[in-house]
Amino acid sequence: MKKGLVLFTALLALVGCNSQKKNAAKDSTPKAQKYLVVYYSQTGATQQVAQVFARLLGADTLRIEVEQPYDGTYQETIERCQKEMKNGELPELKALKSDWSGYDVIFLGYPIRFGTYALPMASLVKQTDFAGKKIVPFCTFGSGGLGASMKDLKQALPKAEILPGYGVRNARLAKAPAEVERFLIESGYLEGKVEKLPDYSAQQPVTAEDVKIFDAACSNYQYPLGTPVTVGKRTTSGSTDYRFTARSKDAGGNDIEATIYVTVGKGEDAKPEFTEVVR
């Protein structure tokens, strides 16, 4: 009789233990991440990219607007920005209606101006407490600026975690949806599989054919990008990519170097296009 009672007690303990394990397993299931896409856009380019992020993530969005919009010509905008920077001024933003506390990751979008995030985004960064937040930058640009703007964000927001970001040239906005989806999958924000991109080969002196590809990609850009001297390459299922080192001189006559990325699709009509300049 005592043996039967002991056995019954042991069985109850085992069942209770298994039940606790199951409940613990349920409790440990990671909750769905909640995302917020915050962006400033003057021409609509950054807004297009923000909409792609929001759609793919199922995220809420918040558009940053300034009290006195930058609605002049390109030259007028440049002159206004130069004046504001010289005077240490930041544009005043319209009141924001958002509770940041409920979001796990904030995707922060902006155009690049003068090598970093535009002044309205600087206003947001200055007036908002991002402490403890995970920030994923994304930007649109004429030639580049993602890396520099991320560095500036890290300095301006030392208590936030600035994660790897995404950037795209205004001339390549049509490529953004596919690139953003790849970025989100690679970064773990979306489920799915993408082709693992190979490393670039070691830099080698450019050939005449390499120079032709560089010129075809860069010659129509409004500012000179320098003379290519070395190149590294990689081949993917959809393109051949080039990483050029180009040399030029700055306004003071000093030698400078830049890294210029160029891609050529596999289609018969594909033309070389440069994707980013890193200075």
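Residues numbered from 1 in each chain as written. Predicted model: local features only at pLDDT ≥ 70, side-chain atom pairs only at ≥ 80, totals over all residues. Heavy atoms only, no water.

**Things to note about the overall build of the chain**
- The secondary structure content of the chain amounts to 7 helices and 12 strands.
- Residue burial in the chain is summarised as follows: out of 279 residues, 38% are buried.
- By sequence separation, contacts in the chain at least 24 residues apart represent 68% of the contacts at least 6 residues apart.
- Carbon and sulfur atoms provide 52% of the accessible area of the chain, an area that totals close to 16,700 Å². (Helix = DSSP H or I, 4+ residues; strand = E, 2+ residues; numbered from the N terminus. Buried < 20%, exposed > 50% of the residue type's maximum accessible area, 1.4 Å probe, protein only. Contact = heavy atoms within 4.5 Å. Areas by Shrake-Rupley, 256 points an atom, 1.4 Å probe, with all protein chains shown as cover.)

**What about the pattern of salt bridges?**
- Tallying each qualifying case throughout the model produces 10 salt bridges.
- Residues Arg172 and Glu273 are paired through a salt bridge, measuring 3.6 Å at the closest nitrogen-oxygen approach. Within this pair, whereas Arg172 is found in the loop between strand S7 (166-169) and helix H6 (176-186), its partner Glu273 is found in strand S12 (residues 273-278), the two being separated by 101 residues in sequence.
- For the salt bridge of Asp255 with Lys249, the shortest nitrogen-to-oxygen distance reads 2.5 Å. Take Asp255 and Lys249: they sit in the same class, and that class is exposed.
- Salt bridges sharing common partners tie together Arg172, Lys175, Glu179 and Glu273. (Salt bridge = Lys/Arg side-chain N within 4 Å of Asp/Glu carboxyl O.)

**As for the packing of aromatic side chains**
- Under the counting rule described, the total for this entry stands at 15 aromatic pairs.
- Taking the centre distance of 5.3 Å and the plane angle of 75° together, the rings of Phe107 and Tyr189 count as edge-to-face. Taken together, the residues span a long stretch of sequence, with Phe107 in strand S3 (residues 105-113) and Tyr189 in the loop between H6 and strand S8 (204-205) at a distance of 82 residues.
- Taking the relative accessible area as the measure of exposure, Tyr189 reaches 17% and is therefore buried.
- Consider the rings of Phe214 and Phe244, whose centres lie 5.1 Å apart with planes at 75°: the pair is edge-to-face. Separated by 30 residues along the polypeptide, Phe214 in helix H7 (residues 208-218) and Phe244 in strand S10 (residues 239-249) bring together distant segments of the chain. (Phe/Tyr/Trp six-rings, centres within 6.5 Å; stacked < 30°, edge-to-face > 60°.)

**Here we look at the sheet that holds strand S11 (residues 255-265)**
- Taken in spatial order, the 5 strands of this open sheet run S8-S9-S10-S11-S12, and their pairing is antiparallel. In this open sheet, the two edge strands, each paired with only one partner strand, are S8 and S12.
- Two strands pair when backbone bridges link them, and strand S9 (residues 227-235) and S10 are joined in this way by 8 bridges, in the antiparallel orientation. Counterpart to Arg234 in the pairing with S10 is Asp241.
- Where H7 meets the sheet, it contacts S8, S9, S10, S11 and S12, and its direction lies at approximately 90° from that of S11. (Pairing = 2+ DSSP bridges. Axes fitted to C-alpha atoms, helices over the stretch in contact; angles between N-to-C directions.)

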